[in-house]
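The chain contents come next:
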There are 2 protein chains.
Amino acid sequence: MPLLVVGSLAFDSIKTPRGHVDRILGGSGTYFALAASYFTEVRVVAVVGDDFTPEHEAVLQRRGISTDGIERARGRTFFWSGEYGENFNEAKTLATELNVFQNFRPRIPRQYLNTEFLFLANIDPVLQAEVRKQMPAAKLVGGDTMNYWINRKREDLVETLKLMDVLLINDTETKMLAHDSSLPRAANKVLASGPRALVVKHGEYGATIFFREGAFGVGTHPFRAPALPIEEVRDPTGAGDSFAGGFMGYIASQGELSREVLKRAMFYGGVMGSFAVECFGPERLTKLTREEIDARFQIFRELTHLDHESR
Amino acid sequence: MPLLVVGSLAFDSIKTPRGHVDRILGGSGTYFALAASYFTEVRVVAVVGDDFTPEHEAVLQRRGISTDGIERARGRTFFWSGEYGENFNEAKTLATELNVFQNFRPRIPRQYLNTEFLFLANIDPVLQAEVRKQMPAAKLVGGDTMNYWINRKREDLVETLKLMDVLLINDTETKMLAHDSSLPRAANKVLASGPRALVVKHGEYGATIFFREGAFGVGTHPFRAPALPIEEVRDPTGAGDSFAGGFMGYIASQGELSREVLKRAMFYGGVMGSFAVECFGPERLTKLTREEIDARFQIFRELTHLDHESR
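In this text, all values refer to a predicted model and were calculated from it rather than measured experimentally.

K.L.:
How do you make sense of the overall build of chain A when you look at a structure like this?
P.N.:
Regarding its fold elements, chain A presents 11 helices and 13 strands. For a compact globule of 311 residues, the expected C-alpha radius of gyration is about 19 Å, and chain A comes in at 18 Å, within 12% of that figure. With respect to the three principal axes, the spread of C-alpha positions in chain A is 65 × 40 × 35 Å. Considering chain A as a whole, with its 311 residues, one finds that 62% of them fall into the buried category. Nonlocal contacts in chain A, meaning residues at least 24 apart in sequence, comprise 64% of its contacts between residues at least 6 apart. Total accessible area on chain A is roughly 12100 Å²; 49% of this is exposed by carbon and sulfur atoms.

Shown next, in the form of structure tokens:
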């Protein structure tokens, strides 16, 4: 089934201990759409400026991504510049220029309105809610947010969370959102306030999905997917968006919304995140094959599964 | 098969956001031995002072642990005092009094000398090497160390690592030991310099075992075991030692040294670590049953294993 993402298309300048790149294609929408494109038909809703050329758009189109929802505004495209230290844990933001993104009001093309799988990437929760309300047919709505919105627009965010089925955020954001330093307790508080499932991303340690009682199946057992121990991380930018793309893309490709599908989606999320960090920018995500992806899925399986169940 | 541990018996004063305790039984040898005692016969070599009473010894004996190797010296038992903040990540040490531990020279009782499974808990690497050399029959030698020894006795430690089969340390220690900020690369450097397998403990995110090519089986695929998302961590003291006790204890209980045994041992390590943090001190480890342990093993399995392999 098709999957629609509303997010940012951007230009990024990135410096890591392994090198640097200048004004390359980036943004949550780019990473998400490319990662998801290996699983299902992807539709992008975003805004770009005059500096976004047909060649940039072709990066998405070559992966079969529908770009009819990309609005062109006068001015420059969203620009971000950041630097990572030796541990790659968190980027130090050097510059953020919202540019055309500042006045972004997502408009969903008419032919997209009945898309059943929707992902609200990390944008203003007020806009996320507007999009969600335009698409009442959506069967599964995933979303992201960040500390900026948790701190500045908590009330709006809390309302928006009620419109999401699965929220994907990291450990710190989960604890901040719930005002609780215990991750499992914080996760349960988040689930009580909105989404039916919460994916907490642990960076190099993988991710855990927590379920609300009865959501997508029976019980509340969480499920943890690993991340691959990658020898040479070049650039962690977009890893979380790529995880979300693999996760949502796989779910949209399946006929049912079951715990098993969501668990396998966690693995595919980890797989796409692990590819993303191998190169600067989204480059690695532009030329994968489904065979490479499934081979890495098997590596993730071997990394975590016991073969025999004897004692 | 019996398992011998050389480590510390200590008294600990611990403060965490959930409470505090004063001068309770602790030390790496205590946590390790108690955790391992659910899997196999355990023998402890350590030193204690006048303040270590028969009642303290009985805590070990009630778990069937052999205490013949506990030396009594004049003076006071090793004392440690520490405090944890809200995130429980690392203890702030408030006091360390080595006391009788300062002049500890481990003496292995004659009847222990042919023990085939040996664990060298976190003590001076020079002493670890002395013990190892007294026990040439040891079939599998596990060991621990810490940043203190990596910084102050690197050369001795490097020699001692050649005498170990499995080293169990955390992420920071691995990177420090290898002078490399990439964990998988650091792990391979450590393996090249000594042990056949390296267990890197990630705290609340579980642990990963890396294998040297050909060690215990074929290939170099790592394996990752989770930690349980525990709602109410009370006291993380001894979690790493309890992991090591579950890991080594399970291995000693098995007939073979295969990859599958080591993988299941990683799960049992995680299980014992997860019990340890539920109460202050080693209390939880004194009254478990094997049924509770195996039930939690199943929870760990459900937390990580996909049930079906369809796409």
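K.L.:
I'm lost on the sheet that holds strand β6 (residues 79-84) of chain A in this one. Help?
P.N.:
Note on sheets: strands pair through backbone hydrogen bonds, and any given pair is parallel or antiparallel. Residue and element names in this part refer to chain A. The strand order across the open sheet built from 4 strands is β3-β2-β6-β7, with neighbouring strands paired in mixed fashion. Two strands lie at the open edges of the sheet, namely β3 (19-26) and β7 (91-97), each paired on one side alone. Taken over all neighbouring pairs, the strand axes of this sheet differ in orientation by 15 degrees on average, direction set aside. Direction of pairing for strand β2 (residues 10-16) relative to β3: antiparallel, over a ladder of 6 bridges. Its bridge partner lying in β3, Phe11 is registered against Leu25.

K.L.:
Mind showing me how you'd approach the pattern of salt bridges here?
P.N.:
Side chains that differ in sign of charge can pair as their charged atoms come close. Enumeration according to the criterion identifies 40 salt bridges over all chains in this entry. Across the pair Asp165 of chain A and Arg196 of chain A runs a salt bridge, and its minimum N-O distance is 3.1 Å. With Asp165 of chain A in the loop between α5 (154-161) and β10 (166-170) and Arg196 of chain A in the loop between α7 (183-192) and β11 (197-201), this pair connects stretches of sequence that are 31 residues apart. A residue is classified by how much of its surface remains accessible, and Asp165 of chain A, at 12% relative accessible area, is buried. Note that Arg290 of chain B is salt-bridged to Asp294 of chain B, the shortest N-O span being 3.1 Å. Of this pair, Arg290 of chain B and Asp294 of chain B both sit in helix α11 (residues 290-304), 4 residues apart, roughly one helical turn. By relative accessible area, Arg290 of chain B is classed as partly exposed at 25%.

K.L.:
Would you take a moment to explain the relation of the copies chain B and chain A for this structure?
P.N.:
For the pair of chain copies, the relating transformation is a rotation about an axis with a translation along it. Rotating chain B by 180 degrees and moving it 0.0 Å along the rotation axis overlays it on chain A with an RMSD of 0.0 Å. Both chain copies can therefore be described as sitting about a two-fold axis. The overlap is high: 98% of the interface residues of chain B also sit at the interface in chain A, so the same surface is used on both sides.

K.L.:
What exactly am I supposed to notice about the packing of helix α9 (residues 259-276) of chain B against α11 of chain B here?
P.N.:
When two helices pack together, their arrangement is given by the angle between their axes and by how far apart the axes lie. All names here are of chain B. One can describe the packing of α9 onto α11 by two numbers: an axis separation of 9 Å at closest approach and a directional angle of 110 degrees. Taken together, α9 and α11 sit at an angle that is classed as roughly perpendicular. Crossing handedness for the pair α9 and α11: right-handed. Contacts between α9 and α11 involve Arg264, Phe267, Tyr268, Gly270, Val271, Met272, Ser274 and Phe275 from the former and Arg290, Glu292, Ile293, Asp294, Arg296, Phe297, Phe300, Arg301 and Thr304 from the latter. Looking at side-chain class alone, the contact of α9 with α11 contains 8 nonpolar, 3 polar and 6 charged residues.

K.L.:
What am I meant to see in unusual backbone geometry here?
P.N.:
With the exception of glycine, the majority of residues adopt a negative phi angle, and the majority of peptide bonds are in the trans configuration. Residues and elements named next belong to chain A. One non-glycine residue with positive phi stands out, namely Arg23, at about 50 degrees. Note on placement: Arg23 falls in strand β3. What makes Arg23 partly exposed here is its relative accessible area of 35%. For Phe216, which is not glycine, the phi torsion reads 60 degrees and is therefore positive. Here Phe216 lies in the loop between β12 (207-211) and β13 (223-225). A relative accessible area of 11% places Phe216 in the buried class.

K.L.:
I tried to follow the confidence of the model for chain A on my own but got confused; where do I start?
P.N.:
Low pLDDT marks regions whose predicted coordinates should not be analysed in detail. Confidence in the prediction for chain A averages 95 pLDDT; 99% of positions are at 70 or higher. Complex prediction metrics read pTM 0.93 and ipTM 0.90.

K.L.:
Sorry, what's going on with the packing of aromatic side chains here?
P.N.:
When we look at a pair of aromatic rings, we describe it by the centre distance and by the angle of the planes. For the structure on display, the rule yields 27 aromatic pairs over all chains. Look at Phe78 of chain A and Phe101 of chain A: their rings are 5.2 Å apart centre to centre, the planes differ by 15 degrees, and that puts the pair in the stacked class. With Phe78 of chain A in the loop between β5 (66-72) and β6 and Phe101 of chain A in the loop between β7 and β8 (117-120), this residue pair connects regions lying 23 residues apart in the sequence. Across the pair, Phe101 of chain A and Phe78 of chain A agree in class, each one buried. Between Tyr205 of chain A and Tyr205 of chain B, the aromatic rings sit 4.8 Å apart at their centres with planes inclined by 15 degrees, giving stacked as the arrangement.

K.L.:
What is the right way to look at the interface of chain B and chain A in this model?
P.N.:
Interfaces are often sized by the amount of accessible area the parts lose when they come together. Counting residues at the interface gives 45 residues for chain B, matched by 44 residues for chain A. Roughly 4100 Å² is buried in total at the junction of chain B and chain A, and carbon and sulfur atoms are behind 49% of that figure. At the boundary of chain B and chain A, one finds 2 salt bridges. We note a salt bridge from Arg185 of chain A to Glu232 of chain B, for which the minimum N-O separation is 3.3 Å. Applying the counting rule to chain B against chain A returns 20 residue pairs in polar contact (both at pLDDT 80 or more). For the side of chain B that touches chain A, the secondary-structure elements that each account for two or more residues are α6 (171-178), α7 (183-192), β13 (223-225), α9 and α11 of chain B. Grouping the constituent residues of the side of chain B that touches chain A by class yields 15 nonpolar, 11 polar and 19 charged.

K.L.:
Can you walk me through the pairing of strand β7 (residues 91-97) of chain B in this structure?
P.N.:
Here is the key point about a regular strand: its side chains alternate between the two faces of the sheet. Residues and elements named next belong to chain B. Sheet topology places strand β6 (residues 79-84) next to β7; 6 bridges connect them, and they run antiparallel. Looking at the pairing, Glu83 lines up with Lys92 of β7. Where β6 folds back on β7, the antiparallel hairpin that results is connected by 6 residues, among which Phe88 adopts a positive phi of roughly 60 degrees.

K.L.:
Explanation requested: the sheet that holds strand β3 (residues 19-26) of chain B in the structure shown.
P.N.:
Residues and elements named next belong to chain B. As summarised here, the arrangement of the 4 strands in space is β3-β2-β6-β7, forming an open sheet in which the pairing is mixed. In this open sheet, the two strands that pair with only one neighbour each are β3 and β7. Recorded for the sheet is a direction-independent mean angle of 15 degrees between the axes of neighbouring strands.

K.L.:
How should I be thinking about helix α1 (residues 28-36) of chain A in this particular structure?
P.N.:
Quick reminder: α-helices carry 3.6 residues per turn. Residues three or four places apart thus point the same way. In terms of burial, α1 of chain A is a largely internal element, 9 of the 9 residues being buried. Among the residues making up α1 of chain A, those that are buried are Ser28, Gly29, Thr30, Tyr31, Phe32, Ala33, Leu34, Ala35 and Ala36 of chain A.

K.L.:
Sorry, what's going on with the nonpolar core here?
P.N.:
The nonpolar side chains of a soluble globular protein tend to be buried with one another. Grouped together as the largest cluster of nonpolar side chains are 72 residues, with contacts concentrated most on Val199, Ile209, Phe247, Met266, Met272, Leu285 and Ile293 of chain B. Take this core: its biggest share by element is 10 residues, from α9 of chain B. With residues up to four places along the chain from it excluded, the contact list for Met266 of chain B reads Val199, Ala207, Thr208, Ile209, Phe223, Ala225, Phe243 and Phe247 of chain B. Leu3, Phe211, Ala225 and Leu262 of chain A belong to the second largest nonpolar core, which has 65 residues in total.

The rules we used
Residues numbered from 1 in each chain as written. Chains lettered and ligands numbered in written order. Predicted model: local features only at pLDDT ≥ 70, side-chain atom pairs only at ≥ 80, totals over all residues. Heavy atoms only, no water. Helix = DSSP H or I, 4+ residues; strand = E, 2+ residues; numbered from the N terminus. Rg over C-alpha atoms; globule rule 2.2 N^0.38 Å. Buried < 20%, exposed > 50% of the residue type's maximum accessible area, 1.4 Å probe, protein only. Contact = heavy atoms within 4.5 Å. Areas by Shrake-Rupley, 256 points an atom, 1.4 Å probe, with all protein chains shown as cover. Pairing = 2+ DSSP bridges. Axes fitted to C-alpha atoms, helices over the stretch in contact; angles between N-to-C directions. Salt bridge = Lys/Arg side-chain N within 4 Å of Asp/Glu carboxyl O. Least-squares fit on C-alpha atoms with pLDDT ≥ 70 in both. Parallel < 35°, antiparallel > 145°, perpendicular 65-115°, else oblique. Left-handed = near helix turned anticlockwise from the far one by under 90°. Nonpolar A, V, L, I, M, F, W, Y, C, P; charged D, E, K, R; others polar. pLDDT = per-residue confidence, 0-100. Phe/Tyr/Trp six-rings, centres within 6.5 Å; stacked < 30°, edge-to-face > 60°. Buried area = accessible area lost by both parts, 1.4 Å probe. Polar contact = N/O pair within 3.5 Å; in protein donor to acceptor, adjacent residues only side chain to side chain. Core = buried A, V, L, I, M, F, W, Y, C linked by side-chain atoms within 4.5 Å.

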